[in-house]
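# Coordinate inspection notes
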Amino acid sequence: MLNIGCHLSISKGYENMGKEALKINANTFQFFTRNPRGGKIKELNEEDINKLLELMKEHNFPIILAHAPYTMNLCSDKADIRDFAKNMMKEDLDRMEYLPGNMYNFHPGSHVGQGVEVGIQYISEALNEVLTKEQSTTVLLETMAGKGTEIGRSFEELKMIMDKVELKEKLGVCLDTCHVNDAGYDLNNLDVLLKQFDKIIGLKYLKAIHLNDSMNVVGAHKDRHQKIGEGTIGIDVFEKIINHPKLRNLPFYLETPNDLNGYAKEIKLLRGLYKE
Ligand code: FE
Ligand code: FE
Ligand code: ZN
């Protein structure tokens with residue numbers, strides 16, 4: 001079965017996201033751990049989380065994916081911003097233990113002119129401070145479009161971060177199709193791309209896929225998501241991605257410009273294209 005869901009809002013709580021996922025025929029979902037622009041985490045409602053866990057069990061959700069606020073920058077040039085980001089990740093990962101065995105995705109960060117090497121150093125140092133042997137959450141680095149001074153625009157950059165992390169077994173990668181397209185990888189040559197990924201990072205680290213079409217051409221370094229089949233990547237490529245033997249069992253997450261109805265349609269479309 002295709003494991004697919006979309007990004008949902010946590011504003012009405014955890015169980016509500018599970019119910020919304022069921023409504024649109026999803027069996028997984030992604031959510032921001034807090035206001036995507038950062039800010040305080042909501043007080044923990046254990047009863048609500050436990051209801052979500054029950055729902056996931058009853059309906060065979062394989063896994064869910066939390067997403068860190070996209071303003072979180074572990075490699076800022078300002079120490080207080082780096083500390084703030086680290087504390088936020090620490091707090092998020094503590095919270096994730098109430099949803100044991102799931103995943104937490106983050107954008108590596110922007111080096112804001114300090115250079116890629118400095119940025120990579122800061123990011124890996126932060127991960128070494130935050131990750132623990134005891135945690136049950138896998139922390140995913142997202143492939144980025146390379147907008148501005150974003151780190152993670154190439155598989156090599158992600159690999160350099162991962163190699164500096166002691167608890168590497170707690171790490172994985174989330175491949176965003178819009179981002180890799182905009183970063184300069186041509187998804188029309190999917191096998192070439194996956195071979196590169198395997199050689200540089202190792203396919204065993206690929207844990208999730210963000211399924212987004214792109215408004216821009218390969219290498220544009222823009223990061224504007226488009227609805228599935230309405231962008232430059234195109235539906236044929238998405239059909240290949242979800243059915244590829246190396247990818248077909250991963251969880252897929254839509255982050256396309258859609259409301260719940262739009263997501264329901266895309267999920268239906270993609271389930272229809274999946275070869276059981
Ligand atoms: Fe993201
Ligand atoms: Fe993404
Ligand atoms: Zn994006």
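Structure: see above.
The following paragraphs examine the structure supplied in this document. (Residues numbered from 1 in each chain as written. Chains lettered and ligands numbered in written order. Predicted model: local features only at pLDDT ≥ 70, side-chain atom pairs only at ≥ 80, totals over all residues. Heavy atoms only, no water.)

This part is about the coordination of the iron ion (ligand 1). Looking at the iron ion (ligand 1), the protein donor atoms are His67 (NE2), His107 (NE2) and Glu142 (OE), and they sit 2.1 to 2.3 Å from it. Written as a sequence motif, the donor residues of the iron ion (ligand 1) are H-x39-H-x34-E. Between the iron ion (ligand 1) and the iron ion (ligand 2) the interatomic distance amounts to 3.3 Å, and Glu142 serves as a bridging ligand to the pair. Taken together, the positions of His107 in the loop between β4 (103-106) and β5 (109-110) and Glu142 in strand β6 (residues 138-142) put the pair 35 residues apart, joining distant regions of the chain. Here the two residues His107 and Glu142 agree in accessibility, since each one is buried. (Donors = N, O, S within 2.8 Å, 3.2 Å for Na, K, Ca; no water. Helix = DSSP H or I, 4+ residues; strand = E, 2+ residues; numbered from the N terminus. Buried < 20%, exposed > 50% of the residue type's maximum accessible area, 1.4 Å probe, protein only.)

Moving on: the coordination of the iron ion (ligand 2). The iron ion (ligand 2) binds to the protein through Glu142 (OE), Asp176 (OD), His210 (ND1) and Glu255 (OE); the donor distances cover 2.0 to 2.2 Å. Read from N- to C-terminus, the donor residues coordinating the iron ion (ligand 2) fall into the pattern E-x33-D-x33-H-x44-E. Accessibility expressed as a relative area gives 0% for His210, which makes it buried.

So, on to the environment of His221. Positionally, His221 belongs in the loop between β10 (213-214) and β11 (225-226). Looking at His221, the relative accessible area reads 28%, which means it is partly exposed. Sequence separation between His221 and Met144 is 77 residues, and the spatial gap between their C-alpha atoms is 8.8 Å. Other than its neighbours up to four places away in sequence, His221 contacts Ala145, Gly146, Lys147, Arg153, Asp182 and Ala183. Engagement of the side chain of His221 in a polar contact is seen with the backbone oxygen of Ala145, the distance being 2.8 Å. (Contact = heavy atoms within 4.5 Å. Polar contact = N/O pair within 3.5 Å; in protein donor to acceptor, adjacent residues only side chain to side chain.)

Within a regular strand, side chains alternate between the sheet's two faces. In terms of residue burial, strand β9 (residues 206-211) counts as a mostly covered element, since five of its six residues are buried. Relative to strand β12 (residues 252-254), β9 runs parallel, the two being bridged by three bridges. Note on β12: the bridge partner recorded for Ile209 is Phe252. (Pairing = 2+ DSSP bridges.)

Turning our eyes to something else, we now look at empty space enclosed by the protein. Scanning the model with the defined rule gives one cavity of 30 Å³ or more in all. The computed volume of the largest cavity comes to approximately 40 Å³. Taken together, Leu175, Thr177, Leu187, Leu190, Leu193, Leu194, Leu206, Ile209, Ile241 and Leu247 make up the full set of residues lining the largest cavity. For the lining of the largest cavity, the secondary structure elements donating two or more residues are α7 (190-200) and β9. Sorting elements by how many residues they give to the lining of the largest cavity places α7 first, with three residues. (1 Å grid on protein atoms, 1.4 Å probe; cavity = no way out; pocket = protein on both sides within 12 Å on 5 of 7 lines; lining within 4 Å. Points joined across faces, edges and corners; volume = space filled by probe spheres on them.)

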